[in-house]
Structure formats: C-alpha cells, structure tokens
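Structural characterization, general
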Amino acid sequence: MDAALLNKDVAAASAGAAPRILRNFVGGQFLDRGTPFDVYNPATGKVHARALEADAETIDLAVVAARRAVEGDWGRMPLAKRRALLIRVADRIEERFDDFLEAEIADTGKPYELAHHLDIPRGAANFRVFADAIANLSTECFEMDTPDGGKALNYAVRKPLGVVGIISPWNLPLLLMTWKAAPALACGNAVIVKPSEETPSTTTLLGEVMAEVGMPDGAFNVVHGFGPGSAGELLTTHPGIRAITFTGETRTGAAIMKAAAPTVKALSFELGGKNPAIIFADANLDAAVAGLARAVFLNTGQVCLAPERIYVERPVFDCFVAAMKAKAEGLKAGAPYAEGTTLGPLISDEHRRKVLEYYRLAIAEGATLITGGGVPQLKGEAADGYFVEPTLWTGLGPDARICREEIFGPCAHIAPFDTEEEAIRLANDTDYGLASSIWTTDLARAHRVGKEMEVGISWVNCWFLRDLRTPFGGAKMSGIGREGGEHSINFYSEPTNICIKL
Ligand code: NAD
Ligand code: 6OD
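So, a few notes on the structure that sits alongside this text. Quick caveat, the model's predicted, so the values are computed rather than measured.

**A word on the overall build of the protein chain**
- A count of helical and extended segments in the protein chain gives 16 helices and 21 strands.
- Against the globule reference of 23 Å for 502 residues, the protein chain gives a C-alpha radius of gyration of 23 Å, in line with a compact fold.
- Dimensions of the protein chain, computed from the C-alpha atoms along their principal axes, are close to 70 × 70 × 40 Å.
- Each of the 502 residues in the protein chain was classed as buried or not, and the buried ones make up 58%.
- Taking the contacts inside the protein chain whose residues are at least 6 apart along the sequence as the reference set, 74% of them involve residues at least 24 apart.
- In the form shown here, the protein chain has an accessible surface area of approximately 19,800 Å², with 54% of it arising from carbon and sulfur atoms.
- Across the protein chain, 50 positive and 63 negative side-chain charges occur, with their mean positions spaced 2 Å apart.

**Notes on the site of ligand 2**
- Arg-122, Asn-171, Leu-172, Leu-176, Trp-179, Glu-270, Val-303, Cys-304, Leu-305, Phe-464, Arg-466 and Phe-472 make up every residue found near ligand 2.
- At 2.7 Å from an oxygen atom of ligand 2 is found a side-chain nitrogen or oxygen belonging to Arg-466.
- If ligand 2 stood free it would expose 310 Å²; the protein chains cover 99% of that surface.
- Grouping the constituent residues of the shell around ligand 2 by class yields eight nonpolar, one polar and three charged.
- Lining the shell around ligand 2 are residues from two domains, each supplying at least three of them: domain 1 (3-271 + 479-501) and domain 2 (275-467).

**Some words on the pattern of salt bridges**
- All told, the structure shown has 38 salt bridges when counted by the stated rule.
- Among the ionic pairs, Glu-95 bridges to Arg-92, the shortest N-O distance being 2.7 Å. Taken together, the residues Glu-95 and Arg-92, both in helix H4 (residues 79-95) and three residues apart, mark about one turn of the helix.
- Note on Glu-95: relative accessible area 47%, which makes it partly exposed.
- Taking the shortest distance from any N to any O, the salt bridge between Asp-145 and Lys-151 comes out at 2.5 Å.
- In this structure Asp-145 comes out as exposed when scored by relative accessible area, which is 57%.
- Taking relative accessible area as the criterion, Lys-151 reaches 35% and is therefore assigned partly exposed.
- Here the salt bridges do not stand alone but share partners, grouping Arg-88, Arg-92, Glu-95, Arg-96, Asp-99, Glu-208 and Glu-212 into one network.

**Concerning the sheet that holds strand S14 (residues 307-313)**
- As summarised here, the arrangement of the seven strands in space is S15-S16-S17-S14-S13-S18-S19, forming an open sheet in which the pairing is mixed. Edge positions in the sheet fall to strand S15 (368-371) and strand S19 (457-460), since each has one partner strand and no second. Looking at each pair of strands side by side, their axes are set apart by 25 degrees on average, direction ignored.
- Taken strand by strand, helix H15 (residues 443-452) contacts strand S13 (275-279), S14, strand S18 (435-439) and S19, and its axis lies near 160 degrees from that of S18.

**Points about the packing of H4 against helix H6 (residues 112-135)**
- Taken N-terminus to C-terminus, the directions of H4 and H6 make an angle of 170 degrees; their axes are 8 Å apart at the nearest point. With respect to each other, H4 and H6 are oriented roughly antiparallel. Considering the relative orientation of H4 and H6, their crossing is left-handed. Judged by residue contacts, Leu-79, Arg-83, Leu-86, Ile-87, Val-89, Ala-90, Asp-91, Ile-93 and Glu-94 of H4 engage Ile-120, Gly-123, Ala-124, Phe-127, Arg-128, Ala-131, Asp-132, Ile-134 and Ala-135 from H6.
- The class makeup of the residues in the contact of H4 with H6 is 12 nonpolar, one polar and five charged.

**Considerations on the environment of Gly-330**
- For Gly-330, the position within the fold is in the loop between helix H12 (317-329) and helix H13 (349-364).
- Considering only alpha carbons, one finds Gly-330 and Gly-474, 144 residues apart in sequence, at a separation of 32 Å.

**Quick word on the site of ligand 1**
- Around ligand 1, the surrounding shell holds 29 residues, and the nearest of these are Trp-170, Glu-197, Thr-252, Leu-271 and Glu-406.
- Leu-271 has a polar backbone atom sitting 2.6 Å from a nitrogen atom of ligand 1.
- In the model, an oxygen atom of ligand 1 is placed 2.5 Å from a nitrogen or oxygen of the Glu-406 side chain.
- Within the complex, the protein chains bury 92% of what would otherwise be the 850 Å² of accessible surface of ligand 1.
- Counting only elements with at least two residues in the shell around ligand 1, the list comes to helix H9 (231-237), strand S11 (243-247) and helix H10 (250-260).
- A class-by-class count of the residues in the shell around ligand 1 yields 14 nonpolar, nine polar and six charged.
- Taken domain by domain, the shell around ligand 1 gets at least three of its residues from each of domain 1 (3-271 + 479-501) and domain 2 (275-467).

What counts as what
- Residues numbered from 1 in each chain as written.
- Chains lettered and ligands numbered in written order.
- Predicted model: local features only at pLDDT ≥ 70, side-chain atom pairs only at ≥ 80, totals over all residues.
- Heavy atoms only, no water.
- Helix = DSSP H or I, 4+ residues; strand = E, 2+ residues; numbered from the N terminus.
- Rg over C-alpha atoms; globule rule 2.2 N^0.38 Å.
- Buried < 20%, exposed > 50% of the residue type's maximum accessible area, 1.4 Å probe, protein only.
- Contact = heavy atoms within 4.5 Å.
- Areas by Shrake-Rupley, 256 points an atom, 1.4 Å probe, with all protein chains shown as cover.
- Lys, Arg positive; Asp, Glu negative; His and termini not counted.
- Charge placed at Lys NZ, Arg CZ, Asp CG, Glu CD.
- Near = heavy atom within 4 Å.
- Polar contact = N/O pair within 3.5 Å; in protein donor to acceptor, adjacent residues only side chain to side chain.
- Nonpolar A, V, L, I, M, F, W, Y, C, P; charged D, E, K, R; others polar.
- Domains from an automatic or database assignment.
- Salt bridge = Lys/Arg side-chain N within 4 Å of Asp/Glu carboxyl O.
- Pairing = 2+ DSSP bridges.
- Axes fitted to C-alpha atoms, helices over the stretch in contact; angles between N-to-C directions.
- Parallel < 35°, antiparallel > 145°, perpendicular 65-115°, else oblique.
- Left-handed = near helix turned anticlockwise from the far one by under 90°.

Here is the structure:
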C-alpha cells in the first residue's frame, strides 16, 4: 500500500494553497469519513488544514482494528522484529524530517529552530529509547518453599494491556504523543491516538510513516476530534479500550477519570503545573539568568515544566530581575521561518485571550510590571498571529491568582526570599507538583532542597534536561503515575505471575 498517496494532501499543501485534509487513520487506511473542522496556523491566524472529526462508528472501527492487531500480527510479533520496526519508525521520522518539521510549524507557529532542535528529534528519539528498553527487560523470579516441603518458582511475564487510548495536547505535539505511543507499541499494545484538535498534522503524518515501514494494520490508529462529546470522550468511555494515557490540563484529567471509571481503565496522567524556580545567592547568576530565560520563554511559555514562579534570594534579587528583563526584551517575536525569530505565537486566539486576561489580572492584583504585559505590533505575515509580549512581574504575595493558577504563557512572577526554609515553603505552596528548578553552587543544599520539593522532578542548575530512562510525571494535582524507561513499560504492560510447583 502506498500510504503517502492515501494522505497525499498532508505532504502536498505546505505551500499554502488549499487547506490540506487530515483523515483518520484506522486499520492501516486513511478514511474519507468525518465532518471537517478547521486547523489554524497560529503564526498567521489562517486556516492551513481541515481535519475530519471521527464519530462513534469510526472509533468503533479503530477499536476493532486495534484489537485485531494486538491479538494477531502485532501483539504476537517476536520481540526482535517488533524492536526492529520501532527503530525503522524512528529512521523514517528522520528521513521525513522536513515533512514533520513543516507540519509541526504549520500547526503551532513555533520558531523553526525550536521545532528543528527539540520537537522532531525527540519524536524519533522516543521510538529509539523504547525499542532499547524492551530489549533489556528483566523479570523477577522467586523460589519458594511449599507447605509439603517442596519448591515452587514464581516469575512474571509481561503481556500487552490491549488497546490503549492516547489523548495528547498541542504544546509539543509530536514529542508528547510519541512519548506515549512508542512505549505502548513497544509493549505490544495497539494504540488509538487522538491528537489535540489544534495540532493534528504530525500525528497524521506518523500514520503515513507507520504504513510506510510496514507496521501491521491496526497497531497505530489516529482519530481526530475534540474532547467532550467528541473523539476524546468516545475513547475514554469505550469498553474496548483498556487504558488511557493522557497529557493535558488537570481539569481535563479529572473529567477523563470520571468518564473512564465505569469501564475501570488504567490511567496515566501528565497534567498541569505552576512550577517554582529557586535561585540562591551563591548561584552562578549568569547561568541562572540564561537558564531561567530559556525556561520561562521557551515555546512561548507553553511548556508544562516552565517556571511561572521564581524565588530569588534577596541579595541577588534586583540584579536577577534586571537581567531577566533584559533577556525578555531581547526576544524577537515573529514568523517561524523569519530570520532571528526567538518567540512564536500562542496556540490560538482563545488561549491568547486567556493569557491576556491574566496579564490584566496581575495589574489589577497590584503587581509591578517589569516588562511586557501586552501584544507586540508585528508586520507582514505575522501581523494576525496570536502573539503576546514576554512578561515579568514582581510585588505580589503567594495568594495572588497569577501566583497560583497555571497561565501557560511567556510570563513569570519573581519574588524575594530570605532563608532556605522560606524558599521551600513558598515553592511547595501550590496544588500542583510537576517540576522545580534550583540554582546553587552548594551541592549539599541542592540535594537537601531537591528532596523537599513536592514535585516529580527537580532540576539543579538546569531545566528540561531529559534522560528518557528516568521517571517522569507529576506529584499532587500534576499527574498520576510515572512514565520514562521501565516506568513506561510497567504502565503499558500487564505482568502475569506464573507459579510452577516443581
Ligand atoms: P487539554 O486538557 O485542553 O487538552 C488535551 C487533550 O485532551 C486534547 O486532545 C483535547 O481534545 C482532549 N480533551 C479535552 N477534553 C477532553 C475530555 N473531556 N475527554 C477526553 N479528551 C479531552 O490540554 P491542552 O490545552 O491541549 O494542553 C495544555 C495543558 O497540558 C496545560 O495544562 C499543560 O500544563 C498540560 N501539559 C502537561 C504536561 C505534563 O507532562 N505534565 C505536558 C504538556 C502539557
Ligand atoms: O520530555 C518529556 O518526556 C515530557 N513529557 C515533557 C513534557 C513537557 C511539557 O510540556
């Protein structure tokens, strides 16, 4: 089958003529069914694609195809062959790097450099890492004494869970979707992916890639649509789906939990954050400023791990604020391919309205505006894009709404502290618990403070430095479970204990 021909519009319409059509990919075929909805390029505000919304019948078809794949060619494929196919997927993403790059940039408007260095390489890396992970698995084995004086051996074998639903967000579309699809497939499951309605293109392209590399039909399926009353909800309630792995907002996670309860699905959630950063006076200040400027503004602040609350030890507070202001004002908002662009748009007009509402609220709550707070005036193709200014505030207490609620924009509030205990207390004063970033040259303090953080990951003198074998996830309202390396394998497989009386 020539899958590229089946969804030829994905590759063809990049020049900006007619919007490309994004079809559902079910059982190894792109289907011509579903109600089209518009997909906007956030850098221009123009429609660049139309995706076909999957209805209940399409979801049923996907579940049947997926079930067949788990019970047949895919689920029973010898490990070495499964592993080789996953590596082939990674290779093919790299061979079609420019297609993925163009599609991701069209959906998100993010700067070319960012998508080039982060999103697309991680899409391929996710498949390589989990191809390796399944090659090196061990299993526990216990020899036991039996009541009759004999012996028994207990050991566990891992089996696929079955059909896994993946519901993914728009901020790092390919990266976050493959972070779940790769380990789920590695364990022999079949997946049905519902990408965000804002960013369906790279997931659709991955459907093409799966067909190109010879992935068995039904192992990887893509359904397009929205959340409530649409493809998202249909997946969470479907009795044929055994697990839902979800990345997105905390309140969406809560809705999914409720919807998935009657069919008792396994759940893995990576949710929102209101992440703290702590800068001690002994830190290398230049490194801290560079690191925090990257952390706050990367992807226009649309990274769940981004620190929106920065606590700085008082002796270096003024100096830090001034340096961050200079960094923010040095960013260049603009079109993704324009020379020197370092700041892209927000994902949608709706999200921009939400972020701007927080910008207004900060002032209403009495914040001191250090820089930004508005919308940049851009010319040319980016004039109608969903841009906002990078923004910093000081002067608010921990109860201010902008210090408690996730904004998901290029902004942060900076506050001083006087003692290590105060910094820890302020950092942990949140319902969320995703990530923290600690800057100090005192490694004993780094370890001590890192352990006190109520989060899934604490970075010391760095941020978003990822080893994909390590546990990743959120504490408190930032998630359920951990993924990464063996943690992913544990979630996506069903250990079955075999007890042999010898
Ligand atoms: P979102 O929750 O609005 O949407 C995520 C996905 O869920 C989309 O595909 C959407 O269509 C779907 N969805 C929405 N309602 C649903 C429902 N009722 N049932 C089933 N599916 C539903 O999140 P978003 O706006 O796309 O992404 C931004 C959020 O994601 C932020 O809160 C961010 O912190 C979080 N996030 C977390 C992580 C992490 O690793 N913890 C990573 C990235 C993003
Ligand atoms: O790096 C990852 O594996 C990961 N899940 C990153 C999440 C980023 C949030 O926006």
